[in-house]
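# Summary of the model geometry
Here are the chains, one letter per residue:
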Amino acid sequence: MNSNSKNIAVLISGGGTNLQALIDNEKDINGKIKIVISNRENAFGLVRARRASIEGIVIRDDDILLDTLKDNNIDLIVLAGYLKILPKSIIREYENRIINIHPSLIPAFCGSGYYGMKVHFAVIDKGVKYSGATTHFVNEYADEGPIIMQESLEVLDSTAEELQKRVLEIEHKILVKTVKYFCDDKLKIINNKVVIGE
């Protein structure tokens, strides 16, 4: 970890498996998970944070959230299953420094109402042949920020639950890569498209 090491805040609402993937790979990332923030008290991700000796707190108020991010000198916000829309004040303050992971191939099955298992049920119901996961920068519109990375898989005859497990493996992989690229200053946005540099 060099002197340009980034301070990372991970925002969660639930189990925190993507948080765990980041914790497990933190040694390969030029950044430190400084704080884990949940909008739900019973989120298991807070237990994961505590086990890794990372501060984990519950914040529901948007103004307190912004103040906490500033107080911790956060360089990157990672939304890892955070089921709450960030206010415009935070999106503007951290423009191109907020990354989200979404369990589909954006622009399919994304936007308002598409989160968690709802995505996988919709994929199965529609009968599409491929699904996957996407990392993207966050802007003021749900799931519409510049796409960073995507990886696909064949849906096959999976149930929604089986599909969720398979997509989660992709989520973990591309989220860790995306955070690593960000912390290495390798992500550039040109004409609303993300270019990954060497």
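Refer to the preceding data block for the structure.
Source: prediction; values computed, not measured.

All right, on to the pairing of strand β6 (residues 130–137) then. Of all 8 residues in β6, 7 are buried; the element is thus mostly enclosed. Here 4 bridges tie strand β5 (residues 98–102) to β6, and the two strands are oriented antiparallel to one another. By the bridge assignment for β6, I99 is matched with F137. With 7 bridges connecting them, β6 and strand β7 (residues 147–154) associate as antiparallel partners. Along β7, the bridge assignment pairs A133 with E151.

Here we take up the sheet that holds strand β2 (residues 31–38). Taken in spatial order, the 7 strands line up as β3-β2-β1-β4-β5-β6-β7 in an open sheet, and their pairing is mixed. One side of each edge strand has no neighbouring strand; the edge strands of this open sheet are β3 (55–58) and β7. Between one strand axis and the next, the sheet turns through 20° on average, direction left out of account. Sheet analysis places strand β4 (residues 76–79) next to β5, joined by 3 bridges and oriented parallel. Paired with L79 across the bridge in β5 is N100. Relative to β2, helix α3 (residues 62–71) is tilted by about 165°, and along the sheet it contacts β1 (6–12), β2, β3 and β4. Against the sheet, helix α6 (residues 160–183) contacts β1, β2, β4, β5, β6 and β7, and its axis sits at roughly 155° relative to β7.

This part covers unusual backbone geometry. A cis amide bond, omega 20°, links I106 with the succeeding residue P107. Mapped onto the fold, P107 is located in the loop between β5 and α5 (117–126). You will see that N73, though not glycine, has its phi angle at about 50°, which is positive. Looking at the element boundaries, N73 is found in the loop between α3 and β4. Not every positive phi belongs to a glycine, and N96 is a case in point at roughly 60°. The class for N96 is partly exposed, based on a relative accessible area of 34%.

Each value, and the rule that gives it
Residues numbered from 1 in each chain as written. Predicted model: local features only at pLDDT ≥ 70, side-chain atom pairs only at ≥ 80, totals over all residues. Heavy atoms only, no water. Buried < 20%, exposed > 50% of the residue type's maximum accessible area, 1.4 Å probe, protein only. Helix = DSSP H or I, 4+ residues; strand = E, 2+ residues; numbered from the N terminus. Pairing = 2+ DSSP bridges. Axes fitted to C-alpha atoms, helices over the stretch in contact; angles between N-to-C directions. Contact = heavy atoms within 4.5 Å.

Don't take any of this as a statement about function, it's just geometry.
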